[in-house]
Amino acid sequence: LGLYARVDERNNVVVKKPATPGYEHLPALLLQAHVDMVNEKNSDSDHDFTKDGLKLILEGNILRADGTTLGADNGQAVACMMAFLARKDMKHPPLECVFTSQEEVGLIGAIGFDPYDLKGTRMINMDCGPEGVCVAGSAGGTTIDIYKTVKRVPFAGEAVSLKVRGLKGGHSGGDIDKERGNANKIAARVLYAIAKEMKVNLVSMDGGMMMNAIPRACDAVAAVADAAKAAEIAAEVEKKVKSELEFSDPGLTITLEPIAAPAEMICDEDSDAFLKMLYLMPAGLVAKSMALEGLTVASQNLAAVKTQEDGRLYILYSLRSSVNSFLDDMGEKIDLLCHVFGAEAIFRPGFPTWEYTAKSELRDMLAKAYKELTGKEMKVEATHGGLEGGAFLSKMPGLDIAAIGCDATGAHTPQEQLDLNSYKRMVDLVARVLEMMCE
């Protein structure tokens, strides 16, 4: 298209489009989206995200993928921005389109982005939703990598396989308030219950994938003194947890079955320490706002547990809050818990909070355009999700930011789907705002 473009070392991309002739004097507008997606799939899917294209399914106006995440988060915004860059039939001020990388793993692209060549004073982020909601603030957070070095000894006892399945999972920001089951926590609860009755030595554990997805499944292999008794205890725990999650996760299943014995297991001391730490490690909703109804203020996600190739046990853990003191306190507790049980907690650089401001000309313009196009009032909210607005605001003080989206559900799960009719209305809304800026 002959447009100015640059790519930085983090693979963030900036593309600039000059204003429609006659509107070159107007302030530039930033449009922003992230290009990465969460690679989640069903356990029976053979999809390889490193080389396979998504198998898309269109049912009426609903778009989804076969057995995997769809990537509408945030592909729908990327598509909208690229369409605007190509279109010749719309009035608009100078456009500065910023495509960021690695948002889903900690806003890494946005945090490392240098806006030296941007002149815009307003920014529309299209990484929210549902339709009709304008987000004006988001939580900050951090990710913790936890490592436990363990000693392995020759296998002894009866080998069992534990599987936790049937949970809904979801986004660890937008869905954490729904208090859905965490597969890693449930597996730890089962193994701890068995360990109260008999000797248990963990062999391996694999649950969850991404720091911002509530884990839906977990597998563990362990040595137990009595496999039949262990299965009875697992069934008792399943009954209790199914009752607790009756309304949030009715599809939960827990199975514990005998398997062929592996060559090694984790020694008594290290296995006991890891299982107790995992059992005590908090996960889920921590606090709700007393000022904004329904807003989650703080949460924790025990996102993944893995047995690494080097033999160490690894936990991926994330914290979110719109209050920095909450983040500090939650982080201190996790660090202390790890220290007590001989694990190392490494804190990644956090992503900044996007604090709500009472006045915004851009929000007012979006609300006016939405009312004009739909006849409905646009709601203004803050979100517990980690949006990139905070990263941009920290580099461009005074930037007027608004985040919008369309009706899409099931983010970060294979149930993700996009309402294409709602998506068209979002595209029309942004196009109308660009036109209004030229009036």
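Caption draft 1: Local environment of the overall build of the chain. Per the secondary structure count, the chain includes 9 helices and 25 strands. For 439 residues, the compact-globule estimate of 2.2 N^0.38 gives 22 Å, and the C-alpha radius of gyration of the chain, at 24 Å, lies within 12% of that figure. Judged by the C-alpha coordinates and their principal axes, the chain covers about 80 × 45 × 45 Å. Taken over 439 residues, the chain has a buried fraction of 55%. With an accessible surface of roughly 19500 Å², the chain has 53% of that area assigned to carbon and sulfur atoms.

Caption draft 2: Quick peek at the environment of F113. Tracing the sequence through the fold places F113 in the loop between α2 (108-111) and β7 (122-128). Aside from chain neighbours lying at most four places away, what touches F113 is R6, D8, N12, V14, V98, L118, F392 and K395.

Caption draft 3: Focus on the nonpolar core. Counting residues in each nonpolar core, the largest one holds 57 residues, and the members touching the most others are I146, M277, M281 and I315. Residue contributions to this core peak at 8 residues, all from helix α3 (residues 183-195). One finds C80, M81, Y423 and V430 within the second-largest nonpolar core, a separate group that totals 41 residues.

Caption draft 4: Just the packing of helix α7 (residues 361-374) against helix α9 (residues 420-436), in detail. Between α7 and α9, the least distance of the axes is 9 Å, while the angle of their chain directions is 120°. In terms of axis orientation, α7 runs oblique to α9. Of the two elements, α7 crosses α9, and the hand of that crossing is right-handed. Contacts from M365, L366, K368, A369, Y370, E372 and L373 in α7 reach D428, L429, R432, V433 and M436 in α9. Along the lines of polarity and charge, the residues of the contact of α7 with α9 split into 8 nonpolar, no polar and 4 charged.

Caption draft 5: The arrangement of the pattern of salt bridges in detail. A complete count under the given rule lists 27 salt bridges for this structure. The closest approach of N and O atoms between R6 and D117, which form a salt bridge, is 2.6 Å. Taken together, the positions of R6 in strand β1 (residues 4-7) and D117 in the loop between α2 and β7 put the pair 111 residues apart, joining distant regions of the chain. For the pair formed by R6 and D117, the shared burial category is buried.

Caption draft 6: Molecular detail of helix α4 (residues 227-244). Between its first and last C-alpha atoms α4 spans 26 Å; for 18 residues at 1.5 Å apiece the expected length is 26 Å, and the two agree. Within α4 the residues assigned to the buried category are A227, A230, I233, A234, V237, E238 and V241. Down the axis, α4 shows its buried residues gathered within 150° of arc, on one side only. Opposite its buried face, α4 presents the exposed residues A228, K239, K240 and S243, each directed more than 90 degrees away. The distance from a side-chain oxygen at the start of α4 to the backbone nitrogen of A228 is 3.1 Å, and the residue carrying that oxygen is D226.

Caption draft 7: Broad picture of the packing of helix α1 (residues 72-86) against α9. As a packed pair, α1 and α9 sit with axes 11 Å apart at the nearest point and diverge in direction by 45°. The angle between α1 and α9 places the two elements in the oblique class. In this structure, α1 crosses over α9, and the sense of that crossing is right-handed. Side by side, α1 and α9 meet where Q76, A79, C80 and F84 of the first sit next to Y423, M426, V427, V430, A431 and L434 of the second. Split by residue class, the contact of α1 with α9 holds 9 nonpolar, 1 polar and no charged.

Caption draft 8: A look at the pairing of strand β8 (residues 133-138). Among the 6 residues that make up β8, 6 are buried, leaving the element largely enclosed by the rest of the structure. Direction of pairing for β8 relative to strand β22 (residues 379-383): parallel, over a ladder of 4 bridges. Bridging from a neighbouring strand, S138 pairs with T383 of β22.

Caption draft 9: Geometry of helix α6 (residues 324-340). Compared with an ideal rise of 1.5 Å per residue, which puts 17 residues at 24 Å, α6 spans 25 Å between its outermost C-alpha atoms and is within 8% of the ideal. All buried positions along α6 are accounted for by L327, M330, G331, I334, L337 and C338. What you see down the axis of α6 is that its buried residues fit within an arc of 125°, all on one side. Exposed and oriented more than 90 degrees from the buried face of α6 are D328, E332, K333, L336, H339 and V340. In this structure, the buried residues of α6 make contact with β9 (140-148), α5 (268-280), β18 (284-288), β19 (296-307), β20 (313-321) and β21 (344-347). Looking one or two places after α6, you find G342, whose phi comes out positive at around 70°.

Parameters at a glance
Residues numbered from 1 in each chain as written. Predicted model: local features only at pLDDT ≥ 70, side-chain atom pairs only at ≥ 80, totals over all residues. Heavy atoms only, no water. Helix = DSSP H or I, 4+ residues; strand = E, 2+ residues; numbered from the N terminus. Rg over C-alpha atoms; globule rule 2.2 N^0.38 Å. Buried < 20%, exposed > 50% of the residue type's maximum accessible area, 1.4 Å probe, protein only. Areas by Shrake-Rupley, 256 points an atom, 1.4 Å probe, with all protein chains shown as cover. Contact = heavy atoms within 4.5 Å. Core = buried A, V, L, I, M, F, W, Y, C linked by side-chain atoms within 4.5 Å. Axes fitted to C-alpha atoms, helices over the stretch in contact; angles between N-to-C directions. Parallel < 35°, antiparallel > 145°, perpendicular 65-115°, else oblique. Left-handed = near helix turned anticlockwise from the far one by under 90°. Nonpolar A, V, L, I, M, F, W, Y, C, P; charged D, E, K, R; others polar. Salt bridge = Lys/Arg side-chain N within 4 Å of Asp/Glu carboxyl O. Expected span 1.5 Å × (residues − 1). Arc of directions from axis to C-beta. Polar contact = N/O pair within 3.5 Å; in protein donor to acceptor, adjacent residues only side chain to side chain. Pairing = 2+ DSSP bridges.

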